[in-house]
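Results of the structural survey
So the chains spell out like this:
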Amino acid sequence: MLRAILLPAAALLLSACAAPLAQTTPTDTSAMVDQEPLTIERLYASPSLSGPTPSGVKYSPDGKRVTFLKAREDEGNRFDLWQFDVASGEQSLLVDSKILEPDEVELSEEEKALRERMRIAGRKGIVSYDWGTADTILVPIGGDLHLVTLTETGPEARQLTATDAFEYDAKVSPGGKFVSFVRDGAVYAIDLATGEESRLTPLAEPDKAIAYGVAEFVAQEEMDRYTGYWWSPDDRYLAYTKVDESTVDIIPRFDIAAEDVTVIDQRYPRAGRPNAIVDLFVRDLATGDVTEIEWRRDDWGPAVDQYLARVYFRRGRTGGENLFIGRINRDQTDYDLTTVRMPDPGGTVASEPAYVFTETHDTWINLQSDFSTAAFMYTLSAEAPGGFRQILASRADAREDFVALTPEDFAVDKMVGVIEADSKIYFTGHGDTPLERHLYSIPMEGGDPVRITALGKSWSVTLAPDGQSFVGTSSSPTQPPQTGLYKADGTLITWIEENRLDETHPYAPYLENHTVPEYGTLTAEDGQTLYYSIQLPPDFDANKTYPALVETYGGPHAQTVNRNWERLSDQYYSRQGYVVFRLDNRGMAYRGRTFEDVIYRQMGLPEVQDLLVGVDWLKSQPFVDGDRVGIQGWSYGGYMTLMTILQAPEGTFAAAVAGAPVTDWALYDTFYTERYMDTPQDNGDGYEKSSVFYHLDKLQTELPELMLIHGMADDNVTFDNTTRLMAQLQQRGIVFELMTYPGQRHGIRGQALGTHLMKTRMNFLDRHLKEE
């Protein structure tokens, strides 16, 4: 999946058709002066200007503790494990990462790739953990595994592995008997009672590109499936994948670091090319029997054209343990949820699953992980054609008996809990405004959703196992993230991290000139509403004109115009005298399928039309210098930057910065690209017109000043996307600037490089957008 570079939000809702914006802009604040100037160096230094922000929030199985990862004040990218005692309200350090990992360890290629897919590359220390029983936590760090036991005298750590190999995807089995992990392409387990280690799958066969218990590239990158093995709740069964990548093309990737070059033969399935073959097996640990599950559909074509999207072990509606399998066809227009019942002792596992539910769309399926079997009913979410995601439930065996529990026009995000005791379903969504995510509840029989969280900000939520409380993290354009423990009705019990913006906060020296974006709406050519935000300099003077910077992402499954904290880079831009503008074009998230489906088979065309509507409005504002407008973006945003300057009228932009851009969708992976574009074989014209090179060939005008940026070891949007564009620009005599980052992948990581990247952008933009 292409990545959005998160940039800030706004606080006031404006109408683009209402009174002139000058009447709604801040008063003249030219006398405002920060206690300290906000520098690029400080943006990336520790402690974070956003203050302490817990991540990886989890309840203990008994609900008595809340655990979370917290960055160290002296090293902002190193994380320790903390705990919050629900009864006492006390917070304490649980595991100091420097004790378990005193020296930094070189990660394996598999671990680097997995962290890149999980968007945690660049983090150090404890980056993940897994609760076992109510008093045990598994902590992977430094390539080895540690089991932390919570005792009356404090936590005690036990090192489980100490090998030269790298153990990853580690889990405590649901019953607490085993710790499992992947090592060298096979799944192993340690019996916690005896300490004995055993292998649960066949050994990998690297010469045949076969591994077990792992998730293939597109599963990790595009399906949010990062694992390839699953335990049954009673610890008796283990389901695992066999991934055969011999069918996948090898794309030689030059991993160019500062001092050497490594050629990595990466198995990368580009659009229209074969995928990996993924088989599914179930091992009975009591008998040692292994059963292959025939999960594919005969009418969906060969194995390389079918995706194993989801695997769950859940209690069946009639009792017992069931294996549930979510599968999707290559066109991504049909998603089936199927089930295999685990047998009673002495029985055998059935090899063919039975149907539970099917979702079908004419364009594509947006995968979700919502599925519950609580209260002896199946509860899941699916999208209505042309509408929004809804929560559906069924108490019967027939697929036709699934009924919608939420209104058709209510934007559900995802389920967070089905609580039998309260007969309620909890979920997050955008029911009040597309600009804010909130927690809602509905009765199990359906009805109007009840909003639980407070308006004016956006929320992320972790529900307690018993549904009586939740941990909520919220932020707004004026308040950095706060994490609290709340009752199920939204009443605050206590702060876990209040993160007050007082005189002790890291951002306090810069608060005086904090700028808050304003919201407005524009109209797309088909009449749909487009939300934008605009952020003005802190010393704004309506009688002056300013350069403007258009920050774009534009891709599916993302939103950049919303009410939250996050984008402190925008604070820097505005303090440097820039007007910062964002617009969420058609195809982006949380607006329903009619809004999203516009880009089907024609990426890079409707999105650009929408963005140019926004740019036209921006340049019409009396305080914007229309000759000094720049545009920049990363990943899909880099693609949008290039596609926009190539399709815009001459003179629309004075400068453009494209980071890690896709330049030809035939170079990107199958699952993401074909979801929106079909295959190059089926949609050749669409691929051609969605390519940067098509518009470059048709170029009749002069491009704005252009800078290209790319990590030289990018394994997501591979570096040849940029090198091919470089060659074409050179052949045409088009001068451009270039910055490459040795050893960096799709994101540019670390304080030093983040600082350098920001300085590089600002140097370029200032030279071409600031008046001399």
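Residues numbered from 1 in each chain as written. Predicted model: local features only at pLDDT ≥ 70, side-chain atom pairs only at ≥ 80, totals over all residues. Heavy atoms only, no water.

**Focus on the packing of aromatic side chains**
Put simply, the rule reads: When two rings of Phe, Tyr or Trp (its six-membered ring) have centres within 6.5 Å they constitute a pair, described as stacked for plane angles under 30 degrees, edge-to-face for angles over 60, and tilted for the intermediate range. Helix and strand definitions follow DSSP, with helices as H or I runs of at least four residues and strands as E runs of at least two, each counted in order from the N terminus. Buried means the residue's accessible area, taken with a 1.4 Å probe over protein chains only, is under 20% of the maximum for its type, while exposed means over 50%, and partly exposed covers the values in between. Whether a charge sits over a ring depends on NZ of Lys or CZ of Arg being within 6 Å of the ring centre and within 35 degrees of the ring normal.
According to the stated counting rule, one finds 33 aromatic pairs in the structure shown. With a centroid separation of 4.7 Å and 90 degrees between ring planes, the pair formed by Tyr 307 and Phe 671 is classed as edge-to-face. Linking Tyr 307 in strand β22 (residues 306-315) with Phe 671 in helix α9 (residues 670-677), this pair joins segments that are 364 residues apart in sequence. Here Tyr 307 matches Phe 671 in class, with each residue buried. One aromatic cluster is present, formed by Trp 364, Tyr 553, Tyr 600, Tyr 636, Tyr 639, Trp 665, Tyr 668, Tyr 672 and Tyr 676 through successive ring pairs. Lying across the ring of Phe 79, Arg 123 places its NZ or CZ 4.2 Å from the centre. For the cation-ring pair, Arg 315 lies above Phe 376, with the distance from its terminal atom to the ring centre recorded as 4.5 Å.

**Thoughts on the pattern of salt bridges**
Quick note on the threshold: Should a side-chain nitrogen of Lys or Arg be within 4 Å of a carboxyl oxygen of Asp or Glu, the pair is scored as a salt bridge.
As enumerated under the stated definition, the model contains 43 salt bridges in all. For Glu 498, the salt bridge is made with Arg 500, and the minimal N-O distance between the two is 3.9 Å. Assessed through its relative accessible area of 30%, Glu 498 is described here as partly exposed. When salt bridges with common partners are traced through the structure, they connect Glu 75, Arg 78, Lys 98, Glu 101 and Lys 124 into a single cluster.

**Comments concerning the sheet that holds β22**
The cut-off we apply is this: Pairing between strands requires that DSSP locate at least two bridges from one strand to the other. Convention adopted: a line fitted to C-alpha atoms gives each axis, helices being fitted over their contacting stretch, and angles between N-to-C directions are expressed from 0 to 180 degrees.
Judged by pairing direction, the sheet is antiparallel, and its four strands sit side by side in the order β22-β23-β24-β25 without closing on themselves. A strand with exactly one partner marks an edge of an open sheet, and here the two such strands are β22 and β25 (354-360). Here the average twist between neighbouring strands, direction ignored, is 20 degrees. Bridge count between strand β24 (residues 334-341) and β25: six bridges; the pairing is antiparallel. Following the sheet pairing, Thr 339 is matched in β25 by Ala 354.

**Overview of the side chain of Arg 310**
Using the following cut-off: This count recognises Lys and Arg as positive and Asp and Glu as negative, with His and chain-terminal groups excluded. The definition of a polar contact used here is a pair of N or O atoms within 3.5 Å, where within protein one atom must be able to donate a hydrogen and the other to accept one, and adjacent residues in sequence count solely through side-chain atom pairs. The contact definition used throughout considers only heavy atoms, calling two residues in contact when any of these lie within 4.5 Å.
Note that Arg 310 resides in strand β22. Here Arg 310 sits buried without a salt bridge, and the closest side chain of opposite charge, Asp 224, lies 5.2 Å off (N-O distance). A distance of 2.8 Å separates the side chain of Arg 310 from the backbone oxygen of Met 223, its partner in a polar contact. When near neighbours in sequence (up to four residues on either side) are disregarded, Arg 310 contacts Met 223, Arg 225, Phe 324, Ile 325, Gly 326, Tyr 335, Leu 367, Gln 368 and Ser 369.

**Comments concerning the pairing of strand β38 (residues 518-523)**
Relative to strand β39 (residues 529-535), β38 runs antiparallel, the two sharing six bridges. Across the sheet, residue Glu 518 finds its bridge partner in β39, namely Ile 534. Taking the residues that link successive antiparallel strands as the turn, the β38-β39 hairpin has five residues, and the phi of Gly 527 there is positive, at about 95 degrees.

**Points about the sheet that holds strand β32 (residues 438-443)**
Strand order across the open sheet formed by four strands is β30-β31-β32-β33, with antiparallel pairing between neighbours. The sheet terminates laterally at β30 (412-419) and β33 (450-451), the two strands that pair on one side only. Bridge count for β30 against strand β31 (residues 424-429) is six bridges, and the pairing is antiparallel. Bridge pairing in β31 links Met 415 to Phe 427.

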